[in-house]
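These are the residues of each chain, in order.
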Amino acid sequence: MSSLSITVSTVTRDFNLQAAIRSLVYFMFFFVSNVFYPEKALQARLGSAAPIAYYSPVSMTVSIYRYCFGYLQSVDIFFNLTGLTAWCLISVLLAYRLYIRNLTR
């Protein structure tokens, strides 16, 4: 998530705009996750868009942590680890392509 935020922020050379872009990326990932809100509240508020929060990398990570610390009784570890691996691969490839493009421009 950090590499994606930093890479997206390289679109501009203005430091204030870079900080704003990084903050926006962090805000989007954390707001649409189950870090602050339980899944039932997200389903009630987001309606049909609730699966976005379920497939969020932040939600997957938090679910694994909560399971390991005993706050959740059951979690699909395989799904979460596979999802996190997919998110990591996609974000690293996207970050690499954007960073190289912005660096050579």
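Residues numbered from 1 in each chain as written. Predicted model: local features only at pLDDT ≥ 70, side-chain atom pairs only at ≥ 80, totals over all residues. Heavy atoms only, no water.

### A look at the overall build of the chain
The cut-off we apply is this: The numbering of helices and of strands both runs from the N terminus, where a helix is a DSSP run of H or I of at least 4 residues and a strand a run of E of at least 2. Note on contacts: a residue pair is in contact if any heavy atoms of the two residues lie within 4.5 Å. Accessible surface area values rest on a Shrake-Rupley calculation with a 1.4 Å probe, where residue burial reflects the displayed protein chains alone.
The helix and strand inventory of the chain stands at 6 helices and 0 strands. Beginning at the N terminus, the succession of helices and strands in the chain can be written as α-α-α-α-α-α. The principal-axis extent of the C-alpha atoms belonging to the chain is close to 50 × 25 × 25 Å. Restricting to contacts in the chain with at least 6 residues of sequence separation, those with at least 24 account for 48%. About 7,600 Å² of surface is accessible on the chain, with carbon and sulfur atoms providing 68% of the total.

### A few points about the packing of aromatic side chains
Quick reminder of the rule: Put simply, two rings from Phe, Tyr or Trp (the six-membered ring, in Trp's case) pair if the centres are within 6.5 Å, and we call them stacked under 30 degrees between planes, edge-to-face over 60, tilted for the rest. For every residue, the accessible area obtained with a 1.4 Å probe (protein chains only) is divided by the maximum for its type, and the residue is called buried under 20%, exposed over 50%, and partly exposed between those limits.
Tallied over the entire structure, the rule returns 6 aromatic pairs. When the centroid spacing of 5.4 Å and the interplanar angle of 20° are considered together, the rings of Phe27 and Phe31 count as stacked. Here Phe31 and Phe27 lie together in helix H2 (residues 15–31), a separation of 4 residues that amounts to about one turn. A relative accessible area of 40% means that Phe31 is categorised as partly exposed.

### Structural notes on the confidence of the model for the chain
The cut-off we apply is this: pLDDT: the predictor's confidence for each residue, scored from 0 to 100.
On average, residues of the chain score 85 in pLDDT, and 97% of them reach the 70 mark or higher. Within the chain, the lowest mean pLDDT, 71, falls on helix H1 (residues 2–9), and the highest, 91, falls on helix H5 (residues 57–68).

### Describing H5
Heads up, the rule is: Helix span, as expected, comes to 1.5 Å for every residue beyond the first.
Compared with an ideal rise of 1.5 Å per residue, which puts 12 residues at 16 Å, H5 spans 17 Å between its outermost C-alpha atoms and is within 8% of the ideal. Of all the positions in H5, only Pro57, Val58, Ser59, Met60, Val62, Ser63 and Ile64 are classed as buried. Contacts from the buried residues of H5 go to H2, helix H4 (50–54) and helix H6 (77–104). Two residues or fewer past H5, Gly70 is found with a positive phi of approximately 85°.

### Examining the packing of H5 against H6
Between two packed helices, both the angle of their axes relative to each other and the distance between the axes serve to describe the pair. Counted only if it meets this: Axes, fitted as lines to C-alpha atoms, cover a helix only where it is in contact. Angles between the N-to-C directions of the axes lie from 0 to 180 degrees. Definitions for this section: a left-handed crossing has its near helix turned counterclockwise from the far helix by less than a right angle. A right-handed crossing has that turn clockwise. Just so you know the grouping, Ala, Val, Leu, Ile, Met, Phe, Trp, Tyr, Cys and Pro go in nonpolar, Asp, Glu, Lys and Arg go in charged, and all remaining residues, Gly too, go in polar.
Axis separation between H5 and H6 bottoms out at 9 Å; the angle between their running directions is 140°. Where H5 crosses over H6, the two elements pack in a sense that is left-handed. Contacts from Pro57, Met60, Thr61, Ser63, Ile64 and Tyr67 in H5 reach Ile77, Phe79, Asn80, Leu81, Gly83, Leu84 and Trp87 in H6. Grouping the constituent residues of the contact of H5 with H6 by class yields 9 nonpolar, 4 polar and no charged.

### Things to note about the environment of Thr7
Along the polypeptide, Thr7 turns up in helix H1. In sequence terms Thr7 and Ile77 are 70 residues apart; their C-alpha atoms lie 29 Å from each other. Look past the residues within four positions of Thr7 in its chain and what remains in contact with it is Ala95, Leu98, Tyr99 and Asn102.

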